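One-letter residues, chain by chain:
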Amino acid sequence: MSRIKRADSLKRLSGRKYIGVIGLMVLAIVAMGALFTVVSILTSQEKQYLTKAAELRLLSQTMTKYVLEASQGKKLAGKTSPFALLKEEQAKFAKNLRAFVEGDPSTNLPALTTNEEGPTQLSALKEIEGLWKVFEPNLQVVLDGESAIDAVNRSVANVNQAVPEMTAESFEVLSVLVDNNARPTQIQKASIQLMLLERINANANKILALQASSDTGGSKEVKKSKGDGQETDAESAIGRIRRDTAIFNDTLRGMLQGDKDLGIQKIVDREAVVNLNKVRTNFEVIGKAVNELVKHYTKVSNVHSAASKLTVQGDKLFEKTRDLIEFLQEKTLFSKTLNYVAFAAGGVALLLLIFLGYRLVTDTSRRSLSYEQQNREQQEAILRLLDEIQGLSEG
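The model shown is predicted, which means the values in this text are computed figures rather than measured ones.

Reading the values: rules and limits
Residues numbered from 1 in each chain as written. Predicted model: local features only at pLDDT ≥ 70, side-chain atom pairs only at ≥ 80, totals over all residues. Heavy atoms only, no water. Salt bridge = Lys/Arg side-chain N within 4 Å of Asp/Glu carboxyl O. Helix = DSSP H or I, 4+ residues; strand = E, 2+ residues; numbered from the N terminus. Buried < 20%, exposed > 50% of the residue type's maximum accessible area, 1.4 Å probe, protein only. Core = buried A, V, L, I, M, F, W, Y, C linked by side-chain atoms within 4.5 Å. Contact = heavy atoms within 4.5 Å. Patch = residues over 30% accessible without salt bridge, like charges linked within 9 Å, V, L, I, M, F, W, Y side chains within 5 Å. Areas by Shrake-Rupley, 256 points an atom, 1.4 Å probe, with all protein chains shown as cover.

**A look at the pattern of salt bridges**
Tallied over the full model, the rule gives 4 salt bridges. Between E89 and K92 there is a salt bridge, with its nearest N and O atoms 3.6 Å apart. Here E89 pairs with K92, and both are found in helix α2 (residues 82–102), just 3 residues apart, close to one helical turn. According to the relative accessible area criterion, K92 is partly exposed, its value standing at 44%. Residue D250 is joined to R253 by a salt bridge in which the shortest nitrogen-to-oxygen separation is 2.9 Å. In this pair, D250 and R253 both sit in helix α6 (residues 233–257), 3 residues apart, roughly one turn of the helix. Take D250: its relative accessible area is 31%, and that puts it in the partly exposed class.

Below, the structure written as structure tokens:
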């Protein structure tokens, strides 16, 4: 009986051990599930952060590209305006940056913060935000200058279109004066008109060339003394084109009406007058174009100045977004570590399951042997008892 009691007590003890092992196994499984859930959330957030950071990096370059093309009045493939694309890129950059700073409720993405001494924004993100606060106003200057850029480019195109025809007509006037043996001063004035037309056209194109080179940093603005101030090459070109158009207009009016102050006689030759009237008609186009150039020059200059700054600032944004991407890539090590811990918890649960199965098998085998031993002992005891009873009966 003592052996039977001992077997029962062993059974109870092993049952308590099983409960402990099962408890540990359940705990490991719960830990594994919780860790995998956390890892899944962190991985999703990290992918969103990395995607948005990569977009910020790309946008910093595409915005710079579109700024240069917009400030030069270029059209992209399919005659798409770079100004429209620039507005879209600006909105995308602002939206992605806001997702980092404030979070994105639509995707359950929290703001990118670190809990060292309380929630504070990352240094790389702070620098990007600071650069954007400087970048965006300059970007807005470029966007606001769309109409001025278009007006200047259209004006230069009109000058380029009108000058060749006016040159041909002015040359006809000069030929008539030469053929009619006009006064040398009269012929000289007509010759100067041809030179003025050439200079007007050249200066108009120079304005565009200088502004385009100032955007890309390809040429420095050469400054010249002018009284108590300074004047850039583009400003000089504006000044020359205004003076040349004024001189051309005064000379043209003198040829048609006569001007004693300028020493110009009225031209009366019918063929020459016809050509002069054509020149006057075409000159109205140039006059309007030059007025547009002068009117919008200041705003266009501001656009090109902003574009030059944006080129430098865009490079800085590119560098800082690269730093942000590197930080985010390092940040993924934490989720990877948690992932390994979750697998380790799963491994522990599996080992405990194997151990539990092994113990169940060995305990069952041990109890089976114990029961068999008890049965043999009981049978032997019964046989001895029967032998004793038989001996007593025979005695």
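Still to come is the rest of the account.
**As for the nonpolar core**
Core analysis: the biggest nonpolar cluster contains 73 residues, and F93, F100, W132, V142 and I286 have the highest contact counts within it. Of all the elements in the fold, those that place two or more residues in this core are α1 (2–71), α2, α3 (123–144), α4 (146–179), α5 (184–216), α6 and α7 (270–394). Among the elements that line this core, the one with the most residues is α7, at 18 residues. Those residues within four positions of F93 in sequence are excluded, and the remaining contacts are L56, L59, S60, M63, I128, W132 and L317.

**With respect to a nonpolar patch on the surface**
There is a patch of nonpolar side chains on the surface, built from I382, L383, L385, L386 and I389 and spanning about 480 Å² of accessible area. The residue L385 is located in helix α7 in this model.

No statement about biological role is implied by the geometric values presented.
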